[in-house]
Amino acid sequence: MAEAYPAYEERPRRRGRKLLIGFVVLLLVLAGLLAVADRVAAGVAERAIADQVKQEVAKQDAQSAPPKVDVGGFPFLTQVLAGRYEHISVVLTDVQGKVQGDAVSVPRLDMDARNVKASLDTLRSGQGDVVAERVDGRGTITYDSLAKLLDRPGLKLGEQNGKLAVTAPVDILGAKFTVNGTADVTVANGKVALKFKDLTAEGLPNLPLARRALANYAQAISINVPLPQLPFQLNVRKVEPKPDGLVVTADAKNVPINSVR
């Protein structure tokens, strides 16, 4: 009879293991359901923000492909309860804006909103604002669009050793020449300031009149080019010539992302 005791002791242990395994499985299932619910809620928010971005783009008399929105941070539901969202990224592609009646092409515009505040009461009642502490933007303006704004037949722009390069046909002293050179690019009052210098034209006579004509051409294309108005009150801070176009960096603080009143 003494040998039967271990068998009776093993049954409670087996039951305990089964209960523990069942509890762990239940926790994993619940965690999976919560993760799914979290992403579903984030997806709803992303679609709502995308709709607001569409409206903001339309206000600027611009067009773009449907915005792509990603609400960062996990879990999303805890951010809803706290009324503060770590990071919301917005990507606009195929943006077409207008400057003085001319179309300006921006193939891609990336915007990152940080520390976005939206109380739970605002989301429930539909009364209030959703405000980002900071929004950073980065976009690329095509050289073809920029050249059209200069309104010089045959003028082409590009990047050369980190600088804005120009090539253009000109008439000097009744003869045709091809002008080449670079420009300093800066930001002035929300406009892109172009200052062309050191222009050269192969075969140009070394005459004061010819040199003056070349200098006058450089001065004529050295202008402040207005930029299309950017969404969410973004202010241009820096421009850099890159192989794909003129890269514009912009930012803004305390930005209303969505007025839901």
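Just above, that's the structure.
Owing to the predicted nature of the structure, the values given are computational and were not obtained by experimental measurement.

A separate point is the sheet that holds strand β8 (residues 191-201). The strand order across the open sheet built from five strands is β5-β6-β7-β8-β9, with neighbouring strands paired in antiparallel fashion. Lying at the two open borders of the sheet, with one neighbouring strand each, are β5 (156-160) and β9 (224-226). Each strand of the sheet is rotated relative to its neighbour by a mean of 35°, with strand direction disregarded. In terms of strand pairing, β8 meets β9 through three bridges, oriented antiparallel. Within β9, the residue paired with V192 across the bridge is V225. With respect to the sheet, helix α4 (residues 143-150) is in contact with β5, β6 (163-172), β8 and β9, its orientation differing from that of β5 by roughly 130°. Lying over the sheet, helix α5 (residues 208-220) contacts β6, β7 (175-188) and β8, oriented at roughly 160° with respect to β8.

Positionally, P67 belongs in the loop between α1 (5-59) and β1 (68-71). We classify P67 as buried; its relative accessible area is 13%. When the C-alpha positions of P67 and V90 are compared, they lie 6.7 Å apart, and in sequence the two are 23 residues distant. In contact with P67, not counting residues within four places along its chain, are A50, V53, K54, V90, V91 and L92.

So, how was this worked out
- Residues numbered from 1 in each chain as written.
- Predicted model: local features only at pLDDT ≥ 70, side-chain atom pairs only at ≥ 80, totals over all residues.
- Heavy atoms only, no water.
- Pairing = 2+ DSSP bridges.
- Helix = DSSP H or I, 4+ residues; strand = E, 2+ residues; numbered from the N terminus.
- Axes fitted to C-alpha atoms, helices over the stretch in contact; angles between N-to-C directions.
- Contact = heavy atoms within 4.5 Å.
- Buried < 20%, exposed > 50% of the residue type's maximum accessible area, 1.4 Å probe, protein only.

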